[in-house]
Amino acid sequence: MTISKNPEKIKEMFNLIAEKYDFNNNLISLGTHRLVKHLSAKELRLDDGAKVLDECCGTGDFAQELLRLNSLIKVIGCDFSENMVNLAVKKVKKAEFVVADCTNLPFENESFDTITMGFGLRNIEDYEQALDETFRVLKKGGEFLHLDFGRKNIFSKVFDIIVPPLIKIFYGEKLPYKYLLQSKREFPEPQELIKIFESHGFSLKKRKDFLYGVISMQIMEK
Ligand SMILES: C[S@@+](CC[C@H](N)C(=O)[O-])C[C@H]1O[C@@H](n2cnc3c(N)ncnc32)[C@H](O)[C@@H]1O
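Presented here is an overview of the structure given in this document. Just so we're clear, the structure is a prediction, and the values are computed from it rather than from any experiment.

How each quantity is defined
- Residues numbered from 1 in each chain as written.
- Predicted model: local features only at pLDDT ≥ 70, side-chain atom pairs only at ≥ 80, totals over all residues.
- Heavy atoms only, no water.
- Buried < 20%, exposed > 50% of the residue type's maximum accessible area, 1.4 Å probe, protein only.
- Helix = DSSP H or I, 4+ residues; strand = E, 2+ residues; numbered from the N terminus.
- Arc of directions from axis to C-beta.
- Contact = heavy atoms within 4.5 Å.
- Near = heavy atom within 4 Å.
- Polar contact = N/O pair within 3.5 Å; in protein donor to acceptor, adjacent residues only side chain to side chain.
- Nonpolar A, V, L, I, M, F, W, Y, C, P; charged D, E, K, R; others polar.
- Pairing = 2+ DSSP bridges.
- Axes fitted to C-alpha atoms, helices over the stretch in contact; angles between N-to-C directions.
- Core = buried A, V, L, I, M, F, W, Y, C linked by side-chain atoms within 4.5 Å.
- Salt bridge = Lys/Arg side-chain N within 4 Å of Asp/Glu carboxyl O.

Our focus in this paragraph is helix α8 (residues 190-199). All of the buried residues along α8 are Pro 190, Leu 193, Ile 194, Ile 196 and Phe 197. Buried positions in α8, seen along its axis, are confined to an arc of 160° and lie on one side of it. What points out from α8, more than 90 degrees from its buried face, is the exposed set Lys 195 and Ser 199. Contacts from the buried residues of α8 go to α5 (127-137), β5 (138-149), β6 (203-210) and β7 (215-221). A positive backbone phi angle near 105° is found at Gly 201, which sits one or two residues after α8.

The environment of the ligand is made up of 18 residues, and the closest members are Tyr 21, Cys 56, Asp 79, Cys 102 and Gly 118. One nitrogen or oxygen atom from the side chain of Tyr 21 is found 2.9 Å from an oxygen atom belonging to the ligand. Contact between the ligand and Gly 118: a nitrogen atom at 2.9 Å from a main-chain N or O atom of the residue. In terms of residues, the shell around the ligand owes the most to one element, helix α1 (residues 7-28), which gives 3 residues. Residue composition of the shell around the ligand, by class: 10 nonpolar, 5 polar and 3 charged.

The strands that make up a sheet are held in pairs by hydrogen bonds between backbone atoms, and each pair lies either parallel or antiparallel. As summarised here, the arrangement of the 7 strands in space is β3-β2-β1-β4-β5-β7-β6, forming an open sheet in which the pairing is mixed. Since the sheet does not close on itself, it has two edges, and those belong to β3 (96-99) and β6, each with one partner. Strand-to-strand twist across the sheet, computed as the mean angle between neighbouring axes with direction ignored, equals 15°. Seen against the sheet, helix α2 (residues 33-41) touches β5, β6 and β7 and runs at an angle of roughly 155° to β5. On the sheet, α8 packs against β5, β6 and β7 and is oriented at approximately 20° with respect to β7.

Ranked by internal contacts, the top residues of the largest apolar core, which has 47 residues, are Leu 66, Ile 73, Val 75, Phe 97, Leu 147 and Ile 215. At the level of secondary structure, the elements contributing two or more residues to this core comprise α1, α2, α3 (61-69), α4 (82-91), β5, α6 (154-170), α7 (175-186) and β7. Element by element, the count of residues in this core is highest for α1, at 8 residues. Residue contacts for Leu 66: discarding those within four places in its chain leaves Ala 41, Leu 44, Leu 46, Val 52, Ile 73, Val 75 and Thr 116. One finds Cys 78, Phe 187, Ile 194 and Phe 197 within the second-largest nonpolar core, a separate group that totals 24 residues.

Right, let's get into the pattern of salt bridges. Counted according to the given criterion, the structure contains 18 salt bridges. Across the pair Lys 11 and Glu 8 runs a salt bridge, and its minimum N-O distance is 3.7 Å. One end of the pair is Lys 11 and the other is Glu 8, both in helix α1 and 3 residues apart, which spans about a single turn. Judged by relative accessible area, which is 51%, Glu 8 ranks as exposed. Between Asp 61 and Lys 37 there is a salt bridge; the shortest N-O distance is 2.8 Å. Of this pair, Asp 61 sits in helix α3 while Lys 37 sits in helix α2, and the two are 24 residues apart along the sequence. Taken individually, Asp 61 and Lys 37 each receive the classification buried, so the pair is uniform in this respect.

Here we come to unusual backbone geometry. The phi dihedral of Cys 56 falls on the positive side, at around 55°, and the residue is not glycine. Looking at the secondary structure, you find Cys 56 in the loop between β1 (51-55) and α3.

The next thing to look at is the environment of Asn 15. Looking at where Asn 15 falls in the secondary structure, it is placed in helix α1. The spacing of Asn 15 and Glu 125 is 110 residues in sequence and 17 Å in space, taken between C-alpha atoms. Sequence-distant contacts of Asn 15, defined by excluding residues within four places in its chain, comprise Ser 81, Glu 82, Asn 83 and Met 84.

Below you can see the structure in the form of C-alpha coordinates.
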(Lines give C-alpha, C1' and ligand atoms only; values in the text may rest on other atoms or scores of the structure.)
Protein backbone atom coordinates (compact mmCIF):
# COMPACT_ATOMS: atom_id res chain seq x y z
CA MET A 1 0.00 0.00 0.00
CA THR A 2 1.27 3.47 -0.85
CA ILE A 3 1.41 5.77 2.14
CA SER A 4 -0.69 8.97 2.17
CA LYS A 5 1.36 12.17 2.20
CA ASN A 6 -1.47 14.65 2.35
CA PRO A 7 0.40 17.93 3.16
CA GLU A 8 -2.07 18.98 5.86
CA LYS A 9 -1.71 15.61 7.60
CA ILE A 10 2.08 15.71 7.31
CA LYS A 11 2.17 19.23 8.76
CA GLU A 12 -0.12 18.17 11.61
CA MET A 13 2.10 15.17 12.35
CA PHE A 14 5.29 17.26 12.52
CA ASN A 15 3.58 19.95 14.59
CA LEU A 16 2.55 17.19 16.99
CA ILE A 17 5.97 15.56 17.34
CA ALA A 18 8.04 18.78 17.21
CA GLU A 19 8.81 18.95 20.96
CA LYS A 20 10.13 15.39 21.02
CA TYR A 21 11.75 15.49 17.58
CA ASP A 22 15.38 16.10 18.63
CA PHE A 23 15.22 13.55 21.44
CA ASN A 24 13.73 10.94 19.14
CA ASN A 25 16.25 11.61 16.38
CA ASN A 26 19.09 11.02 18.83
CA LEU A 27 17.39 7.85 19.95
CA ILE A 28 16.55 6.25 16.61
CA SER A 29 19.89 7.16 15.04
CA LEU A 30 21.74 6.08 18.21
CA GLY A 31 23.27 9.54 18.28
CA THR A 32 24.73 9.40 14.77
CA HIS A 33 22.45 11.82 12.89
CA ARG A 34 24.36 14.95 13.93
CA LEU A 35 27.65 13.47 12.76
CA VAL A 36 26.14 12.46 9.42
CA LYS A 37 24.69 15.95 8.96
CA HIS A 38 28.06 17.47 9.85
CA LEU A 39 30.01 15.21 7.47
CA SER A 40 27.54 15.95 4.66
CA ALA A 41 27.59 19.71 5.13
CA LYS A 42 31.41 19.59 5.12
CA GLU A 43 31.28 18.45 1.49
CA LEU A 44 29.66 21.70 0.38
CA ARG A 45 31.36 24.76 -1.05
CA LEU A 46 30.50 27.43 1.53
CA ASP A 47 32.19 30.67 0.56
CA ASP A 48 32.10 33.67 2.89
CA GLY A 49 28.91 35.65 2.28
CA ALA A 50 27.14 32.75 0.52
CA LYS A 51 23.36 32.64 0.86
CA VAL A 52 22.18 29.18 1.87
CA LEU A 53 18.63 27.83 2.07
CA ASP A 54 17.86 24.82 4.26
CA GLU A 55 14.56 23.34 3.08
CA CYS A 56 12.45 21.25 5.45
CA CYS A 57 14.68 22.68 8.18
CA GLY A 58 12.84 21.08 11.10
CA THR A 59 14.41 22.18 14.39
CA GLY A 60 17.41 23.73 12.61
CA ASP A 61 20.09 21.01 12.76
CA PHE A 62 21.39 21.65 9.26
CA ALA A 63 21.36 25.43 9.73
CA GLN A 64 23.43 24.94 12.88
CA GLU A 65 25.96 22.68 11.13
CA LEU A 66 26.31 25.04 8.17
CA LEU A 67 27.02 27.99 10.46
CA ARG A 68 29.52 25.96 12.45
CA LEU A 69 31.40 25.32 9.23
CA ASN A 70 31.37 28.97 8.20
CA SER A 71 29.90 31.66 10.42
CA LEU A 72 30.23 34.18 7.58
CA ILE A 73 27.44 32.67 5.47
CA LYS A 74 23.79 33.68 5.62
CA VAL A 75 21.45 30.78 6.36
CA ILE A 76 17.68 30.78 5.89
CA GLY A 77 15.72 27.74 7.03
CA CYS A 78 12.20 27.03 5.82
CA ASP A 79 9.61 24.51 6.93
CA PHE A 80 5.81 24.42 6.84
CA SER A 81 5.49 23.25 10.47
CA GLU A 82 5.18 26.30 12.73
CA ASN A 83 6.15 24.28 15.80
CA MET A 84 9.35 23.03 14.18
CA VAL A 85 10.25 26.55 13.04
CA ASN A 86 9.61 27.98 16.53
CA LEU A 87 12.08 25.48 17.98
CA ALA A 88 14.63 26.25 15.26
CA VAL A 89 14.41 29.98 16.00
CA LYS A 90 15.27 29.30 19.66
CA LYS A 91 18.05 26.83 18.83
CA VAL A 92 19.93 28.62 16.03
CA LYS A 93 20.03 32.33 16.78
CA LYS A 94 22.34 33.20 13.87
CA ALA A 95 20.01 31.83 11.18
CA GLU A 96 16.75 33.20 9.88
CA PHE A 97 13.68 30.94 9.64
CA VAL A 98 10.47 31.20 7.68
CA VAL A 99 7.29 29.15 7.69
CA ALA A 100 6.93 28.12 4.05
CA ASP A 101 5.96 25.20 1.86
CA CYS A 102 8.76 23.79 -0.27
CA THR A 103 6.36 23.31 -3.15
CA ASN A 104 5.78 27.07 -3.27
CA LEU A 105 8.91 28.84 -2.05
CA PRO A 106 8.58 32.57 -1.25
CA PHE A 107 11.94 33.43 -2.85
CA GLU A 108 13.11 35.03 -6.09
CA ASN A 109 14.55 32.98 -8.93
CA GLU A 110 18.26 32.14 -8.54
CA SER A 111 18.52 33.72 -5.07
CA PHE A 112 20.61 31.05 -3.26
CA ASP A 113 24.19 29.89 -3.73
CA THR A 114 23.51 26.61 -1.95
CA ILE A 115 20.44 24.63 -0.89
CA THR A 116 20.26 21.75 1.57
CA MET A 117 17.42 19.35 2.34
CA GLY A 118 17.78 16.64 4.98
CA PHE A 119 15.14 13.94 5.50
CA GLY A 120 12.54 16.18 3.86
CA LEU A 121 11.74 15.17 0.28
CA ARG A 122 10.49 11.75 1.43
CA ASN A 123 7.60 13.54 3.19
CA ILE A 124 6.49 15.72 0.29
CA GLU A 125 3.52 14.50 -1.74
CA ASP A 126 4.32 16.67 -4.77
CA TYR A 127 8.08 16.14 -4.61
CA GLU A 128 8.38 16.93 -8.35
CA GLN A 129 7.08 20.45 -7.66
CA ALA A 130 9.46 20.79 -4.68
CA LEU A 131 12.38 19.88 -6.95
CA ASP A 132 11.26 22.40 -9.58
CA GLU A 133 11.07 25.05 -6.87
CA THR A 134 14.53 24.09 -5.57
CA PHE A 135 15.94 24.37 -9.09
CA ARG A 136 14.23 27.72 -9.61
CA VAL A 137 15.62 29.45 -6.50
CA LEU A 138 19.15 28.01 -6.83
CA LYS A 139 21.77 30.04 -8.69
CA LYS A 140 23.35 28.59 -11.82
CA GLY A 141 26.37 26.57 -10.72
CA GLY A 142 24.96 26.33 -7.18
CA GLU A 143 24.90 23.11 -5.15
CA PHE A 144 21.84 21.24 -3.87
CA LEU A 145 22.64 18.80 -1.07
CA HIS A 146 20.08 16.08 -0.44
CA LEU A 147 20.39 13.70 2.52
CA ASP A 148 18.06 10.84 3.50
CA PHE A 149 17.78 7.10 3.87
CA GLY A 150 19.75 5.27 1.22
CA ARG A 151 20.00 1.67 0.14
CA LYS A 152 17.55 -0.96 1.32
CA ASN A 153 20.26 -3.40 2.34
CA ILE A 154 20.63 -5.70 5.34
CA PHE A 155 21.78 -2.83 7.59
CA SER A 156 18.69 -0.85 6.64
CA LYS A 157 16.53 -3.85 7.61
CA VAL A 158 18.31 -4.02 10.99
CA PHE A 159 17.34 -0.34 11.49
CA ASP A 160 13.70 -1.24 10.75
CA ILE A 161 13.81 -3.96 13.41
CA ILE A 162 15.61 -1.94 16.11
CA VAL A 163 13.60 1.28 15.85
CA PRO A 164 10.02 0.23 16.72
CA PRO A 165 10.83 -1.26 20.17
CA LEU A 166 13.02 1.74 21.03
CA ILE A 167 10.20 4.06 20.12
CA LYS A 168 7.74 1.98 22.07
CA ILE A 169 9.83 2.47 25.22
CA PHE A 170 10.27 6.22 24.88
CA TYR A 171 7.38 7.37 22.75
CA GLY A 172 3.69 7.06 23.45
CA GLU A 173 2.32 7.70 19.99
CA LYS A 174 3.56 5.06 17.63
CA LEU A 175 1.84 6.33 14.51
CA PRO A 176 4.49 8.82 13.29
CA TYR A 177 7.12 6.09 13.45
CA LYS A 178 5.00 3.63 11.54
CA TYR A 179 4.89 6.44 9.01
CA LEU A 180 8.68 6.85 9.24
CA LEU A 181 9.32 3.19 8.47
CA GLN A 182 6.81 3.03 5.65
CA SER A 183 7.99 6.26 4.01
CA LYS A 184 11.56 4.94 4.28
CA ARG A 185 10.56 1.68 2.55
CA GLU A 186 8.78 3.50 -0.27
CA PHE A 187 11.51 6.10 -0.85
CA PRO A 188 13.63 5.57 -4.01
CA GLU A 189 17.17 4.25 -3.55
CA PRO A 190 19.99 6.73 -4.35
CA GLN A 191 20.55 5.58 -7.95
CA GLU A 192 16.90 6.12 -8.80
CA LEU A 193 16.77 9.37 -6.84
CA ILE A 194 19.72 10.77 -8.79
CA LYS A 195 17.86 10.04 -12.06
CA ILE A 196 14.84 11.94 -10.68
CA PHE A 197 17.07 14.91 -9.78
CA GLU A 198 18.65 14.79 -13.24
CA SER A 199 15.21 14.84 -14.86
CA HIS A 200 14.67 18.19 -13.07
CA GLY A 201 17.82 19.70 -14.56
CA PHE A 202 20.43 18.93 -11.89
CA SER A 203 23.66 17.03 -12.52
CA LEU A 204 25.40 14.81 -10.00
CA LYS A 205 28.50 16.32 -8.40
CA LYS A 206 29.10 13.97 -5.49
CA ARG A 207 27.47 11.02 -3.75
CA LYS A 208 28.47 9.75 -0.35
CA ASP A 209 27.03 6.89 1.71
CA PHE A 210 27.07 6.76 5.52
CA LEU A 211 26.39 4.00 8.04
CA TYR A 212 26.93 1.20 5.51
CA GLY A 213 24.65 2.87 2.98
CA VAL A 214 21.66 3.23 5.32
CA ILE A 215 21.98 7.00 4.84
CA SER A 216 22.99 8.56 1.54
CA MET A 217 23.94 12.07 0.48
CA GLN A 218 23.87 13.49 -3.02
CA ILE A 219 25.25 16.87 -4.05
CA MET A 220 23.60 17.97 -7.29
CA GLU A 221 24.67 21.00 -9.32
CA LYS A 222 22.45 23.37 -11.29
C1 LIG B 1 12.04 14.45 9.10
S2 LIG B 1 11.93 16.17 9.31
C3 LIG B 1 13.59 16.69 8.91
C4 LIG B 1 14.00 17.93 9.65
C5 LIG B 1 15.45 18.33 9.50
N6 LIG B 1 15.80 18.65 8.14
C7 LIG B 1 16.38 17.27 10.03
O8 LIG B 1 17.18 16.74 9.25
O9 LIG B 1 16.33 16.98 11.22
C10 LIG B 1 11.02 16.65 7.91
C11 LIG B 1 10.58 18.11 7.94
O12 LIG B 1 10.04 18.44 6.66
C13 LIG B 1 8.98 19.34 6.85
N14 LIG B 1 8.14 19.31 5.63
C15 LIG B 1 7.50 18.24 5.09
N16 LIG B 1 6.87 18.60 3.97
C17 LIG B 1 7.12 19.94 3.78
C18 LIG B 1 6.75 20.88 2.80
N19 LIG B 1 5.97 20.56 1.76
N20 LIG B 1 7.21 22.15 2.92
C21 LIG B 1 7.97 22.51 3.98
N22 LIG B 1 8.35 21.66 4.96
C23 LIG B 1 7.93 20.39 4.85
C24 LIG B 1 8.29 18.85 8.11
O25 LIG B 1 7.50 19.82 8.71
C26 LIG B 1 9.50 18.43 8.95
O27 LIG B 1 9.93 19.45 9.80
